[in-house]
Amino acid sequence: MQSVAARWVSRLIVATLIFLTWWWVILSAAAPRTSDNGVFLSVASAIAEGVPLYEGVVDNKDPLFFYSLAAALRIGPAAAQLLDVLWFVCLAAGAWLLARSTMPATAAVVAGFVAAPIAVLGIAYQPGMTNLPGTALVLLGMGLLASRAWWASGFVFALAVVAKITTIPVVIAILGVTVALPHM
């Protein structure tokens, strides 16, 4: 049995890791307003002003990406950065739900709220791009599925497809494995 001091030190270490990870998430989520990000922000700004997507303003990205970005821009220009942080929260929650089904509580918290964001923040992360919403929603859907929140999982998987259409094969594979191996 762990002593009270050892549990306190363990919790302090986990809290510090979470704080440092999320500080990095917040700093990393600042998207430049150049190249693709500038186009995305311009399209989302037009949508926020009432211009219909795919009619008055056109880009080849998925609708949930633009509508969520437009909603964020209605709050304020800095909210686009906060939107990426929100996607990271969804990603972390999904990873935590998955990990919770296979490991002790503290390890699941570290896996979800430290390891998963760090893995995504690696060299391939580009703030403000379209990959994060799809990745986050698929992971959240998987976590909800592992938690047996069937309807919520299905809803989040549907959102994932609308956020990033290329997630369709991943969602189909996850659901196929779930149906084929219900004991898992």
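Source: prediction; values computed, not measured.

(A) Here's a closer look at the overall build of the protein. Helices and strands together make up the secondary structure of the protein, namely eight helices and zero strands. The order of α-helices and β-strands along the protein, N terminus first, is α-α-α-α-α-α-α-α. In the protein, the share of contacts with a sequence separation of at least 24, taken over all contacts with a separation of at least 6, comes to 64%. When the accessible surface of the protein is split by element, carbon and sulfur atoms take 72% of a total near 10,300 Å². Averaging the locations of the 8 positively and 6 negatively charged side chains of the protein gives two centres separated by 21 Å.

(B) Structural view of the nonpolar core. Ranked by size, the top nonpolar core spans 48 residues in total, and within it Ile-47, Phe-66, Leu-69, Trp-87, Phe-88, Leu-91 and Leu-137 carry the most contacts. At eleven residues, the largest contribution of residues to this core is made by helix H4 (residues 79-100). Setting aside chain neighbours within four positions, we find Phe-66 in contact with Phe-40, Val-43, Ala-44, Ile-47, Leu-53, Asp-59 and Lys-61.

(C) Examining the packing of aromatic side chains more closely. What the rule picks out here adds up to six aromatic pairs. With 5.1 Å between their ring centres and 85° between their planes, Phe-40 and Phe-65 make a pair best called edge-to-face. On the criterion of sequence distance, the pair formed by Phe-40 in helix H2 (residues 35-48) and Phe-65 in helix H3 (residues 63-75) is long-range, its members being 25 residues apart. Judged by relative accessible area, which is 3%, Phe-40 ranks as buried. Residue class for Phe-65 comes out buried when judged on its relative accessible area of 5%. Residues Phe-65 and Phe-66 carry aromatic rings whose centres are separated by 5.3 Å and whose planes lie at 65° to one another, so their mutual orientation is edge-to-face. Each member of the pair, Phe-65 as well as Phe-66, carries the same accessibility label: buried.

(D) Spatial organisation of the environment of Thr-102. Of note, Thr-102 is situated in the loop between H4 and helix H5 (105-120). The class for Thr-102 is exposed, based on a relative accessible area of 64%. Taking the C-alpha atoms as reference points, Thr-102 and Thr-135, 33 residues apart in sequence, are found 21 Å from one another.

The rules behind these values
Residues numbered from 1 in each chain as written. Predicted model: local features only at pLDDT ≥ 70, side-chain atom pairs only at ≥ 80, totals over all residues. Heavy atoms only, no water. Helix = DSSP H or I, 4+ residues; strand = E, 2+ residues; numbered from the N terminus. Contact = heavy atoms within 4.5 Å. Areas by Shrake-Rupley, 256 points an atom, 1.4 Å probe, with all protein chains shown as cover. Lys, Arg positive; Asp, Glu negative; His and termini not counted. Charge placed at Lys NZ, Arg CZ, Asp CG, Glu CD. Core = buried A, V, L, I, M, F, W, Y, C linked by side-chain atoms within 4.5 Å. Buried < 20%, exposed > 50% of the residue type's maximum accessible area, 1.4 Å probe, protein only. Phe/Tyr/Trp six-rings, centres within 6.5 Å; stacked < 30°, edge-to-face > 60°.

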